[in-house]
Amino acid sequence: MDHYVLSVIWFVLWGVLWGVYFVLDGYDLGIAMWLPLIGASSESDRSAMYRVTGPFWDGNEVWLITAGGVTFAAFPLAYAVLFSSLYTPLMILLFCLILRGVSTELRSQWNCRGFKMVCDGLTFVSSLVAVILLGVAFSNLFRGLPLLNDPSQNFFMFQGNILNLLHPYCLLGGILFVLMFLVHGALYLTWRTEGDLHNKAFYMAKATWPVFLLVFLVYVVLTFAWAGLYKNYFASPLLLALPLLCAVLFLLSGYQMYLKNNAGKSLLASCGGILTLTLTGVLGMFPNLIPSRLDVNSSLNIINSSSTPKTLTIMLVVALIFVPTVICYQIWAHKKLAWVIKAD
Amino acid sequence: MDPVILSRLQFALATAVHFFFVPLTIGLSFFTAWMETKYVRTGDEVYKQQAKFWGRIFLINFVLGVVTGIALEFQFGTNWANYSKYVGDIFGSLLAIEATVSFFLESTFIAVWAFGWEKIPKKLHCVSIWLVAVASTISALWILLANGFMQNPVGYVEKDGVATLASFTEVLTNTYGWHMYLHTVCGAFVLASFLVMGVCAWHFFVGKNVDFFHRAFKTAAGFALIFTICSALAGHQLGQVTARTQPSKFAAMESVWETEPSTPMYLLTIPNVTEDGNLVQALPVPGGLSFLATNSFDNTITGLNDIKPADRPPVWPVFFSFRVMVGLGCILLAAAVISFIIKGFVPSLGWGLWIYILLIPVPYLAAELGWIVTEIGRQPWVVYGVMRTAEAGSPPVDWYQVAGTLGAMAVIYAIISITGFILMIRAAVLGPDNKAEHYA
């Protein structure tokens, strides 16, 4: 297959992997961020919240590992530049993922109140920080990184310092991710529980959604002002169907929540909303994976950073066989293990 | 300060800690699967308890292996950007395939296993733990083939300053990778069987659940015997492959300085690196090293003095780690043979049981030393003979950034490892009667 076509296919797959990751890990990170509020009153509520996400958080996180691995394999230069340029935030993200995994999983291994409190605190803080970092990082990609191709280093060098990453637009992106996953997590929790916990979670989803919508709208407007994300959409207006679908899905989620009281359908719409939002952002960057906001020629795109056609083809064969298989058994496992939980 | 040195320390910390958990994941998953298979086939509830008991230790260990593994994938990009840029076409795809083929399988079915007791049919439950075991072993294969490329780069051509894939088949059939794989997986089984025997010995010593643990001990003694032998044989083969493909590493492992035909093996050697020779070399076995390395007493082994000083690995850590690893391996082999012979009356050994408890850390130490030989022995190359470690770092990263994350990582890893080991010891000591909460 043609190198360009292969690169485009992998670019789209790259976006889809991130989208699926946010949809899946979004709900367990969201539920973890609810621990201090929804889980405030009782140990049994908190334990139920862990039992809801317990079987799935690891499988969900593998989508992140795969997205990272695919960046490395399909676009090595983009992986090298992105990970080294965002060194400190990504290492903090790594530490958060480590801590939340350990605290989530080990919490049940020792029936001691203090230990459980430490685990709860770590799960909450590490999930919150991870979500903020993901939001800030992606907003920085949308806005473009201060990159310059430096022939003396033979590398695309990050200009300036870490504080450049904390532009108001990017900070808002962090907040947007937090709110989006809070709604998403509360809906998932509602869907998977019954009784008091179910009611609390649904109440919180309903209370958070308007704030989320407000921030979402502001973010959309600021993206217009501060990020070059819309130029692809204005160039080919047919693509506008995607962001439009995203808005419709998020509104549908609210409609199902408030007017139909249907947490399941609302969650489904929220999944679609998160997936289309990610794809909107990724397609807006096309053909760049990491746009440079200093110099068009210093952007990392599917041409200058993709692997050889041979590697892309081999990986495509592997992906075509294994990704559908993975989706099948993850759905199967979810059906088997996602029973409705009642806090005792 | 050089960020590359700090990055090396950070990577060493990350991999060393990761490898405290990996071998037990591989070995104990099969042990648990074995026990559960016996339960499904015989219907004997004791085997179900066995699977639950060992599975619980496995789960604690597993999560630490998983989270410390993420650190590696991150660090190739964060700290080794030039390396990633250079090898991404080959190395990156192996990692991506590992995630797609193995990590999903492992993470999904470990949950089915942990949460699925009494919820899904017995046979399917047993299949789940087998899938986890197989997935973790396949995962090891991909990562060791990736590491194999760093040790013995094959199947690539350099184009526009980066290594590009020439033959995927050659990458997948890399002798070096496969030999490391065999040695690593056998070693993982050895580590798990000695851990099981050690835990059993503790319960024999305190006299609780003796029959329960005697069953586990007998199985583990069988595993230990088979796999200490396999591990030694695979290690010997790996040594020969190393002699063929990485002469500088092999010379450092044996502290051979002069190139000569029919190289003797000195039973007593003390390197003197500053003088480019050995302080002591005594008790030669004529042609011994040539024979060990090449199956012929006459062949020539390249000495370090025929390798440019800039291309030599640090001799002391490689030489010393290799000797100690081999020594520990011999102790384990002897212990495995004896255990297999005396397994029938082991519970009555009294204070002698403490030997088994003291043996638990030995395979851990041997495994870490083996990696020190492999990775320090590869220096000064990140890709042997092709790219130097000094050129592999991340241009935009400053030393103080790495210093900060190295410090943070040391603290976090210390805390989670200690917590993990305490919880594993606790689960092991509490025994099968432990009805403590498990959220399944």
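Please read these numbers as outputs of a predicted model, since none were measured by experiment.

(A) How the structure looks around the overall build of chain A. Along chain A, the regular secondary structure elements total 12 helices and 6 strands. Computed over C-alpha atoms, the radius of gyration of chain A comes to 20 Å, within 12% of the 20 Å expected from 2.2 N^0.38 for 344 residues, which places it in the range of a compact globule. Along the first, second and third principal axes, the C-alpha set of chain A runs to 60 × 40 × 40 Å. Counting over 344 residues, chain A shows a buried share of 57%. Considering only residue pairs separated by 6 or more positions, chain A has 78% of its internal contacts joining residues 24 or more positions apart.

(B) Representation of the overall build of chain B within the structure. Check the secondary structure of chain B and you find 13 helices and 8 strands. Since a compact globule built from 440 residues should have a radius of gyration of about 22 Å, the 23 Å found for chain B is in line with a globular shape. Expressed as a percentage of contacts within chain B between residues at least 6 apart in sequence, the contacts between residues at least 24 apart total 78%.

(C) Spotlight on the interface of chain B and chain A. Each partner contributes residues to the interface: chain B has 53 residues there, and chain A has 62 residues. Elements with a contribution of two residues or more to the side of chain B that touches chain A: helix H2 (45–79), helix H3 (81–115), strand E2 (162–165) and helix H13 (399–430) of chain B. With 20 residues, H3 of chain B is the largest single contributor of residues to the side of chain B that touches chain A. Residue classes in the side of chain B that touches chain A are distributed as 32 nonpolar, 16 polar and 5 charged.

(D) Spatial organisation of unusual backbone geometry. Residue Pro-287 of chain A follows Phe-286 of chain A across a cis peptide bond; omega there is 5°. Its location among the elements puts Pro-287 of chain A in the loop between helix H11 (263–285) and strand E4 (288–290). Look at Glu-118 of chain B: it is not a glycine, yet its phi comes out positive at around 65°. As for its position among the elements, Glu-118 of chain B is in the loop between H3 and helix H4 (122–151). Taking the number of C-beta atoms within 10 Å as the measure of exposure, Glu-118 of chain B has 7 and is therefore exposed. The phi torsion at Ser-262 of chain B lies on the positive side, around 50°, for a residue other than glycine.

(E) Layout of the pairing of strand E1 (residues 147–150) of chain A. Residue and element names in this part refer to chain A. Direction of pairing for E1 relative to strand E2 (residues 155–158): antiparallel, over a ladder of 4 bridges. Note that in E2 the partner of Asn-149 across the bridge is Phe-156. The hairpin formed by E1 and E2 contains 4 residues between the paired strands, and Asn-154 there has a positive phi angle of roughly 55°.

(F) Up close: the environment of Phe-109 of chain B. Residues and elements named next belong to chain B. Tracing the backbone shows Phe-109 in helix H3. For Phe-109 and Val-132, which are 23 residues apart along the polypeptide, the C-alpha to C-alpha distance reads 6.1 Å. Other than its neighbours up to four places away in sequence, Phe-109 contacts Ser-128, Leu-131 and Val-132.

(G) Looking closely at helix H10 (residues 241–258) of chain A. Residues and elements named next belong to chain A. A rise of 1.5 Å per residue sets the reference length of H10, with its 18 residues, at 26 Å; its end C-alpha atoms lie 25 Å apart and thus fit the reference within 8%. Those residues of H10 that sit buried are Pro-243, Cys-246, Phe-250, Ser-253, Gly-254, Gln-256 and Met-257. Residues of H10 that are buried make contact with helix H8 (196–226), helix H9 (231–235) and H11.

(H) Focus on the nonpolar core. Residues Val-81, Leu-94, Ile-98 and Val-131 of chain A together with Met-197 and Ala-224 of chain B are the most contacted members of the largest nonpolar core, which totals 269 residues. Of all the elements, H3 of chain B adds the most residues to this core, at 22 residues. Residues contacting Met-197 of chain B, with those up to four places away along its chain left out, are Phe-217, Ala-220, Ala-221, Ala-224, Ser-339 and Tyr-356 of chain B.

(I) Quick peek at the pairing of strand E4 (residues 265–272) of chain B. Residue and element names in this part refer to chain B. Two strands pair when backbone bridges link them, and E4 and strand E5 (residues 277–285) are joined in this way by 7 bridges, in the antiparallel orientation. Bridged to Tyr-266 within E5 is Pro-284. Counting the residues in the hairpin turn of E4 and E5 gives 4 residues, including Asp-276, whose phi is positive at 55°.

(J) Quick look at the packing of helix H4 (residues 76–85) of chain A against H3 of chain B. Contact geometry of H4 of chain A with H3 of chain B gives a least axis separation of 8 Å together with a crossing angle of 145°. Helix-helix and strand crossings are classified by hand; for H4 of chain A and H3 of chain B the assignment is right-handed. Note on element contacts: H3 of chain B touches H4 of chain A through Ala-81, Ser-84, Lys-85, Gly-88, Asp-89 and Gly-92 of chain B, opposite Pro-76, Leu-77, Tyr-79, Ala-80, Val-81, Phe-83 and Ser-84 of chain A.

(K) Inspection of the confidence of the model for chain B at higher detail. All names here are of chain B. This prediction gives chain B a mean pLDDT of 93; 98% of its residues lie at or above 70. Per-element averaging of pLDDT across chain B places E5 at the bottom with 84 and helix H12 (residues 361–378) at the top with 97. Both confidence scores are given for the complex: pTM 0.94, ipTM 0.93.

(L) Broad picture of the packing of H3 of chain B against H4 of chain B. Residues and elements named next belong to chain B. Running from amino to carboxyl end, H3 crosses H4 at an angle of 165°, the nearest separation of the two axes being 8 Å. When the axis of H3 is compared with that of H4, the two are roughly antiparallel. For H3 against H4, the interelement crossing comes out left-handed. The residue inventory of the contact of H3 with H4, partitioned by class, reads 22 nonpolar, 5 polar and 2 charged.

(M) Quick look at the environment of Leu-279 of chain A. All names here are of chain A. Of note, Leu-279 is situated in helix H11. Take Leu-279: there are 19 C-beta atoms within 10 Å of it, and that puts it in the partly exposed class. A C-alpha to C-alpha distance of 8.3 Å links Leu-279 and Val-12, two positions 267 residues apart in sequence. With sequence-adjacent residues up to four places away left out, Leu-279 is seen in contact with Gly-15, Gly-19 and Leu-242.

(N) How the structure looks around helix H10 (residues 315–342) of chain B. All names here are of chain B. The end-to-end C-alpha separation of H10 is 40 Å, in line with the 40 Å expected for 28 residues at 1.5 Å each. Inspection of H10 places Val-315, Val-318, Phe-319, Ser-321, Phe-322, Met-325, Leu-328, Gly-329, Leu-332, Ala-335, Ala-336 and Ser-339 among the buried residues, and these make up the whole buried set. Where H10 is buried, its residues contact helix H6 (175–206), helix H7 (210–245), helix H8 (247–254), E4, helix H11 (354–359) and H12.

(O) Representation of the environment of Ala-146 of chain B. Residue and element names in this part refer to chain B. Of note, Ala-146 is situated in helix H4. On the basis of neighbour count, Ala-146 is assigned to the buried category, with 22 C-beta atoms found within 10 Å. For the pair Ala-146 and Leu-94, spaced 52 residues apart in sequence, the C-alpha to C-alpha distance is 6.0 Å. Those residues in contact with Ala-146, other than ones at most four positions away along the chain, are Phe-91, Leu-94 and Leu-95.

Cut-offs applied
- Residues numbered from 1 in each chain as written.
- Chains lettered and ligands numbered in written order.
- Predicted model: local features only at pLDDT ≥ 70, side-chain atom pairs only at ≥ 80, totals over all residues.
- Helix = DSSP H or I, 4+ residues; strand = E, 2+ residues; numbered from the N terminus.
- Rg over C-alpha atoms; globule rule 2.2 N^0.38 Å.
- Buried ≥ 20, exposed ≤ 12 C-beta atoms within 10 Å, placed from the backbone.
- Contact = placed C-beta atoms within 7 Å.
- Nonpolar A, V, L, I, M, F, W, Y, C, P; charged D, E, K, R; others polar.
- Pairing = 2+ DSSP bridges.
- Expected span 1.5 Å × (residues − 1).
- Core = buried A, V, L, I, M, F, W, Y, C linked by C-beta atoms within 7 Å.
- Axes fitted to C-alpha atoms, helices over the stretch in contact; angles between N-to-C directions.
- Left-handed = near helix turned anticlockwise from the far one by under 90°.
- pLDDT = per-residue confidence, 0-100.
- Parallel < 35°, antiparallel > 145°, perpendicular 65-115°, else oblique.

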